[in-house]
Amino acid sequence: AKVHEHVARGLETSVNPERQAMLSEIETNLNTYIAGFERLVTIKREEDTLLAETLNPTGVGLATDLKKVRDDAAKAGNSNALILATTALQEIMEVRIDVLKALGGHDEEAAARVEEELADVETVIAGLDKAVAGTALAADVEPVDAEIVTYHEAFTRLYEIDQEVTALADGEMKTEAEELG
């Protein structure tokens, strides 16, 4: 706010056209930087909310629900469901590791793996749905179907945010900061 005031005062009081042009450029760069910073704050808040309220609890929920399906399938003697639930559980753990790499490490290869792994999990879950159809286990699998979709959507948005943060911080805002400096 103080810098804005100083630049505005300089623009009002300066009679030198070169100085006015320089101050006008500073004002433009400052406004662009501030707008980028405000956007950064907004998307970081969205990121924090998505992580805390959606991605992390859904990931834990998926693992917990798949363990329950696996254990209940073993008790029921449903070997197909047991194998599929165990496979889905293993794959969801791999997904969660790659999500951490993609979001925390800005790893594009990990992000691509997440998409492939989630498609694989969805295929396994579809098989699991068939293996438990008409049994008491079907109710255990039902929440998993919705959680996979929620998890995938949250990851997709978080990866978009990660890309946007990187573009702002390492691109537009960095350029404006260097010009202001």
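Residue numbering note: each chain is counted from 1, following its sequence as written. For a predicted model such as this one, the threshold for reporting local features is a pLDDT of at least 70, and the threshold for listing and counting side-chain atom pairs is 80 or more; totals across whole chains, interfaces and linings nevertheless cover every residue. Side-chain figures throughout are based on the complete set of non-hydrogen atoms in the structure, without hydrogens or water.

Visitor: Before we move on, can you summarise the overall build of the protein with the specific residues and values?
Guide: Put simply, DSSP H or I for four residues or longer makes a helix, DSSP E for two residues or longer makes a strand, and each gets a number counted from the N terminus. Each helix and strand counted, the protein has 5 helices and 0 strands in total. Its C-alpha atoms give the protein a radius of gyration of 25 Å, clearly above 16 Å, the size a compact globule of 181 residues would have. Over its C-alpha atoms, taken along the principal directions, the protein stretches across nearly 90 × 25 × 20 Å. Only protein chains enter the accessibility calculation, which uses a 1.4 Å probe; a residue is then buried when its area is under 20% of its type maximum, exposed when over 50%, and partly exposed in between. With 181 residues in all, the protein has 34% of them scored as buried. Any two residues whose heavy atoms approach within 4.5 Å are treated as being in contact. Taking the intrachain contacts of the protein between residues at least 6 apart in sequence as the baseline, contacts between residues at least 24 apart amount to 74%. Computed with the Shrake-Rupley method and a 1.4 Å probe, the accessible areas treat only the protein chains shown as cover for residues. Of the roughly 10,300 Å² that the protein leaves accessible, carbon and sulfur atoms contribute 55%. A radius of gyration in this sense is built from C-alpha atoms; the matching globule rule multiplies 2.2 Å by the number of residues raised to 0.38.

Visitor: So what about the packing of aromatic side chains? Which residues, and what values?
Guide: The rule is short: rings of Phe, Tyr and Trp, with Trp giving its six-membered ring, pair when the centres are within 6.5 Å, and they are stacked under 30 degrees, edge-to-face over 60, tilted in between. A complete count under the given rule lists 1 aromatic pair for this structure. When the ring of F155 is compared with that of Y159, the centres are 5.9 Å apart and the planes differ by 25°; the resulting orientation is stacked. On the criterion of helical spacing, the pair formed by F155 and Y159 is a turn pair, its members being 4 residues apart in helix α5 (residues 138–180). Residue class for Y159 comes out buried when judged on its relative accessible area of 16%.

Visitor: Account for the side chain of E91, with residues named and values stated.
Guide: With respect to the helices and strands, E91 occurs in helix α3 (residues 79–104). Under this rule, positive means Lys or Arg and negative means Asp or Glu; His and the chain ends count for nothing. For this document, the term salt bridge refers to a Lys or Arg side-chain nitrogen within 4 Å of an Asp or Glu carboxyl oxygen. This buried residue, E91, is left without a salt bridge; R113 holds the nearest opposite charge, at 13 Å. Ignoring any residue separated from it by four or fewer positions in sequence, one finds E91 in contact with E117, D120, V121 and V124.

Visitor: Account for helix α2 (residues 17–76), naming residues and giving values.
Guide: Between its first and last C-alpha atoms α2 spans 85 Å; for 60 residues at 1.5 Å apiece the expected length is 88 Å, and the two agree. Working definition for bend: take the seven residues up to and ending at a residue and the seven starting at it, fit an axis to each, and measure the angle between the axes. For α2, the principal kink sits at L51 and spans about 45°. With a side-chain oxygen lying 2.8 Å from the backbone nitrogen of E18, the N-terminal cap of α2 falls on N16. Directly beyond the C-terminal end of α2, a positive phi value near 75° is found at G77. To estimate the expected span of a helix, count its residues, drop one, and scale the result by 1.5 Å. N or O atoms within 3.5 Å of each other form a polar contact, as long as, within protein, one can give a hydrogen and the other can take it, and as long as residues adjacent in sequence are counted only when both atoms are side-chain atoms.

Visitor: Would you mind going over the packing of α3 against helix α4 (residues 108–132) in detail, with residue names and values included?
Guide: Note on geometry: axes are lines fitted to C-alpha atoms, helical ones only across the stretch in contact, with angles between N-to-C directions running from 0 to 180 degrees. Put simply, α3 and α4 touch, their axes get as near as 9 Å, and they point 160° apart. Judged by the angle between their axes, α3 and α4 are roughly antiparallel. The element α3 and its partner α4 pack so that their crossing is left-handed. Each residue receives one of three labels: charged for Asp, Glu, Lys and Arg, nonpolar for Ala, Val, Leu, Ile, Met, Phe, Trp, Tyr, Cys and Pro, and polar for the others, Gly being one of them. A class-by-class count of the residues in the contact of α3 with α4 yields 18 nonpolar, 3 polar and 7 charged. Should an angle fall under 35 degrees it is called roughly parallel, over 145 degrees roughly antiparallel, and 65 to 115 degrees roughly perpendicular, with every other angle called oblique. Helix crossings get a hand from a simple test, with the near helix turned counterclockwise from the far one by less than a right angle marking a left-handed crossing and a clockwise turn marking a right-handed one.

None of this, on its own, says anything about what the molecule does.
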